[in-house]
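# Descriptive analysis of the structure
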Amino acid sequence: MNLELRHLRYFIAVAEELHFGRAALRLNISQPPLSQQIRQLEEAVDARLFVRNNRRVELTCAGEQFLKDARGILLQVDQASERASRLHYGDSGELRIGFTSSAPLIKKIPDVVYQFRRRYPDVHLHLQDRNSRHLLTPLQEGKMDLAIMRNTPLPDDLQYRLLQEEAMCAVVHKDHPLAGSRRISLRQLREEPFIFFDHQGGTALYSEILGLLQRYQITPDITLEVGDAMAILGLVATGLGVSILPSSFRRARLSEVVWLELSEADARSELWLVWSAQRQITAPLQHMLELMSSLH
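Residues numbered from 1 in each chain as written. Predicted model: local features only at pLDDT ≥ 70, side-chain atom pairs only at ≥ 80, totals over all residues. Heavy atoms only, no water.

### Considerations on the overall build of the chain
- A tally of helices and strands in the chain yields nine helices and 12 strands.
- Taking 296 residues into account, the globule formula puts the C-alpha radius of gyration at 19 Å, and the chain, at 33 Å, lies well above it.
- Its C-alpha atoms give the chain principal-axis dimensions of about 105 × 35 × 30 Å.
- Counting across all 296 residues of the chain, residues that qualify as buried make up 45%.
- Total accessible area on the chain stands at roughly 16000 Å², and carbon and sulfur atoms take up 47% of it. (Helix = DSSP H or I, 4+ residues; strand = E, 2+ residues; numbered from the N terminus. Rg over C-alpha atoms; globule rule 2.2 N^0.38 Å. Buried < 20%, exposed > 50% of the residue type's maximum accessible area, 1.4 Å probe, protein only. Areas by Shrake-Rupley, 256 points an atom, 1.4 Å probe, with all protein chains shown as cover.)

Next up, the structure:
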């Protein structure tokens, strides 16, 4: 006979009550089937678990040991069930998120992460800072669950949702002749030295900004290339050139830098949520996507 969990529960009830009648009432079954189940259990474990007569029931030494083990087994089963349930409903587990360097500067992102950690404290968040193009392969390989990245061409096995759109701005030194303007045209930057992203750096902003300039027949005079936006801002602050960046970087306040609106309507940048279209959406990922959609 194969042991089943019900045999352990029946045994524990009799062992704790030391009375078949009371144990049967506790289990909501009649006494004869309970006695039969206990006999089958003793045959299965090949040990006498109870000493019983017309007046009393006692555990044998083997029964006392079996009681400890049976309680431990049922506890493990209950714990395993709880862990499975928590994982299923997203109350535990992990969520691996990659993000571009500009993502934390958009107020919505840290707000959502804060709310997520408060609601799901037992979900472990793995956060990785990478350039947009360097997020694609980990998503495809299942090494990352979600990416927060700039709009860039995606392979067919990835899907995206627009998280936020923001304006592109010109960035100049505070003493630049254009610094007193509120809004300028891209053509006013035609002759300016540009501080630009490194074309080998893997950032989607490189292609996005270059494409914007090219739509207006502007070939930028790129005098410096650096790896990230903060380095660009630092160099603009020294007066070595101008640049174009999404407006979210204004949160990195530098007193030497002035941000100018652009008159071109298509001077916009999108931030996306990207995940695999081929892999199952886990409960923690679903919770994060819902939070990202609910907070404005």
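Okay, back to it.
### Focus: the packing of aromatic side chains
- In this structure the tally under the stated criterion is seven aromatic pairs.
- Between phenylalanine 116 and tyrosine 120, the aromatic rings sit 5.0 Å apart at their centres with planes inclined by 50 degrees, giving tilted as the arrangement. Here phenylalanine 116 matches tyrosine 120 in class, with each residue buried.
- One aromatic cluster is present, built from ring pairs that chain together Phe11, Phe20, Phe50 and Phe66. (Phe/Tyr/Trp six-rings, centres within 6.5 Å; stacked < 30°, edge-to-face > 60°.)

### Points about the nonpolar core
- Core analysis: the biggest nonpolar cluster contains 39 residues, and Ile244 and Leu245 have the highest contact counts within it.
- Breaking this core down by element, the ones donating at least two residues are strand E6 (158-173), strand E8 (193-197), helix H7 (204-215), helix H8 (229-236), strand E10 (243-246) and strand E11 (257-262).
- Of the residues forming this core, the biggest block, six residues, is contributed by H7.
- Contact partners of leucine 245, with chain neighbours within four places excluded, come to Ala167, Met168, Cys169, Val171, Phe197, Ala229, Ile232, Leu233 and Trp259.
- Core analysis: the next-biggest nonpolar cluster, separate from the first, contains 23 residues, Ala103, Ile106, Val113 and Leu273 among them. (Core = buried A, V, L, I, M, F, W, Y, C linked by side-chain atoms within 4.5 Å. Contact = heavy atoms within 4.5 Å.)

### Some details on the pattern of salt bridges
- For the structure shown, the criterion picks out 15 salt bridges.
- The salt bridge partner of aspartate 145 is arginine 96, with a shortest N-O separation of 2.9 Å. One end of the pair, aspartate 145, is in the loop between helix H6 (136-140) and strand E5 (146-150); the other, arginine 96, is in strand E3 (residues 93-99), with 49 residues separating them in the sequence.
- Judged by relative accessible area, which is 15%, aspartate 145 ranks as buried.
- Residue arginine 150 pairs with glutamate 166 through a salt bridge whose shortest N-O separation is 2.7 Å. Highlighted residues: arginine 150 in strand E5 and glutamate 166 in strand E6, separated in sequence by 16 residues. (Salt bridge = Lys/Arg side-chain N within 4 Å of Asp/Glu carboxyl O.)

### Observations regarding the pairing of E6
- Bridging between E6 and strand E12 (residues 268-276) involves nine bridges; their strand directions are antiparallel. Among the inter-strand pairings, glutamate 165 is bridged to a residue of E12, identified as glutamate 270.
- Here E6 pairs with E10 via four bridges, running antiparallel. Pairing of valine 171 across the sheet is with serine 243, part of E10.
- Both E6 and E11 contribute to a ladder of five bridges, which runs antiparallel. Bridging across to E11, histidine 173 finds its partner in valine 257. (Pairing = 2+ DSSP bridges.)

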